[in-house]
Amino acid sequence: MTTASVSTTSPHLPPSRSHTLPPTAPLSSQVGGHAGVQTTEDGSLLLKPALPRELEFYQLIRDGVSPGIDAATVTASGLKPLLPWIPKFLGVLSVGNHLVENLPEMTAVHDLPAFIQANGTTTTIVLENLTHGFRKPCILDVKLGTVLYDEDASPEKKERMIRTAASTTSLSTGVRLTGFQVYANDHSLPKLTPKKYGKTITPEQLPDGIARFFPFRIPVSPSCMPPSIPAASNVPPSGDVVAAPDDIQPGLPPPILLILLTRLLEALERLRTALVGAEVRIVGGSILIIYEGDWESAEKAARASEDVSTGKATAEGEGLGRNERGAPDDEGEDEETITVEVDEHGHLILDDVVAGSPIAESFEENEADDADEESEDEDEPRLFRLSLIDFAHTRLVPGQGPDTGVLLGIDTLTRLIRERRGVVRALTDEDAGVKNAC
């Protein structure tokens, strides 16, 4: 058994408890990005290979400091408003029995894929799984920006990325649809659209792509509604996703879809405001849209969204933001002692995690009984989540203003979704009781 620990400077810590990170498997719902992302058995966490710059960005956005970058520079760069739009960063797993300094929450030896850094170590970052909690997550990965190459890329790669941007929708619109999946209420498997679709369409065809991701399906009557079939949970060992047949009919009922699109537009406006004040360049980054494809859960979440529509809006389609739901404030936090072990079965064990801390709450006991599982099933459903992801080539540019290419992409996506909402609204206004044969 191998152990490593992170020391603490806090003299007064509450009682501690132990947690085990369950076995991992390939992420079945990955529609974009590089291969190699893993998810924990309960689906709550992602373990993702990380380049140094991505690791640095997550540290900056969470802690406000990073080796080589002072707090004043981070503050001046306007990163803080982006925090609600970034997946929660829990820490680092270091492969190779090496402690990563100044990254306090998790370090361990584990059999996970990772990139080799310049100093010979390999690291995997641990993030919240944004799809966790959705019964049927419909997922769209939209590549943002007009510049697809990093400043320190080779001349050959820069030239290749310039050609890619010019030959796709990226250069003129700031967006490229990199892949998506949607569910039908009466089928357990998602309908997939591959990455090559987004690379072959023209700007004029983007509305068709948005329509494919936000389809509607009109129920004839309660007695003719398609049965709700749970999403398949079996993932082949290879991680390859088995797609639904082409003849399934995905989509939400128009009234629910209308609410979803309205709330999503509101969230995009708030995200744009946060990006306007951020002096960063998000090269190769994406915006991830997830919404609930299960009709019953989506209807319940849509009703709740309507009830709180005058309250504080969030990136998650809920009434409370992440920080208001218990994430720690930046000030007044005690450092924690965390000992990380790998047992004989290859499972990570985190000892001395402070009870009630964000880390402790991020892990669930493997021995959870049926009552715990039932209580999880009764959690309030989410209508959607909207997040920025993929920061391997993100960098601060103090004094240089916002990323205009990314803002162009946000504006394009906002326009496309507004147009789609117009189509759905016209349908619901003209005849909310459209009938088809059962």
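Everything that follows concerns the structure shown earlier in this document.
Residues numbered from 1 in each chain as written. Predicted model: local features only at pLDDT ≥ 70, side-chain atom pairs only at ≥ 80, totals over all residues. Heavy atoms only, no water.

Structural notes on the sheet that holds strand 11 (residues 191-193)
Right, on to step 1. Taken in spatial order, the 5 strands of this open sheet run 11-10-9-13-16, and their pairing is antiparallel. On the outer flanks of this sheet lie strand 11 and strand 16 (384-389), each paired with one strand and no other. On average, each strand axis in the sheet is inclined to that of its neighbour by 15°, with strand direction left out of account.
Right, on to step 2. In this sheet, strand 16 lies alongside strand 13 (residues 286-292) in antiparallel orientation, the contact comprising 6 bridges. Counterpart to L288 in the pairing with strand 16 is S387. (Pairing = 2+ DSSP bridges. Helix = DSSP H or I, 4+ residues; strand = E, 2+ residues; numbered from the N terminus. Axes fitted to C-alpha atoms, helices over the stretch in contact; angles between N-to-C directions.)

Some remarks on the nonpolar core
A general feature of soluble globular proteins is that nonpolar side chains tend to end up buried together.
Right, on to step 1. One finds F214, I287, L386 and L388 to be the most contacted residues of the largest nonpolar core, which totals 69 residues.
Right, on to step 2. If you tally residues by element for this core, the top one is helix 7 (residues 254-276), at 13 residues.
Right, on to step 3. Grouped together as the second largest cluster of nonpolar side chains are 6 residues, F134, I139, I290 and I389 included. (Core = buried A, V, L, I, M, F, W, Y, C linked by side-chain atoms within 4.5 Å. Buried < 20%, exposed > 50% of the residue type's maximum accessible area, 1.4 Å probe, protein only.)

Points about the packing of aromatic side chains
Right, on to step 1. Applying the stated rule across the entire model yields 9 aromatic pairs.
Right, on to step 2. Considering the side-chain rings of F180 and F213, the 5.9 Å spacing of their centres and the 75° angle between planes classify their relative orientation as edge-to-face. Of this pair, F180 sits in strand 10 (residues 175-182) while F213 sits in helix 6 (residues 206-213), placing them 33 residues apart in sequence. Exposure class is identical for F180 and F213. Each is buried.
Right, on to step 3. Among the aromatic side chains, those forming a connected cluster through ring pairs are F180, Y197, F213, F214 and Y291. (Phe/Tyr/Trp six-rings, centres within 6.5 Å; stacked < 30°, edge-to-face > 60°.)

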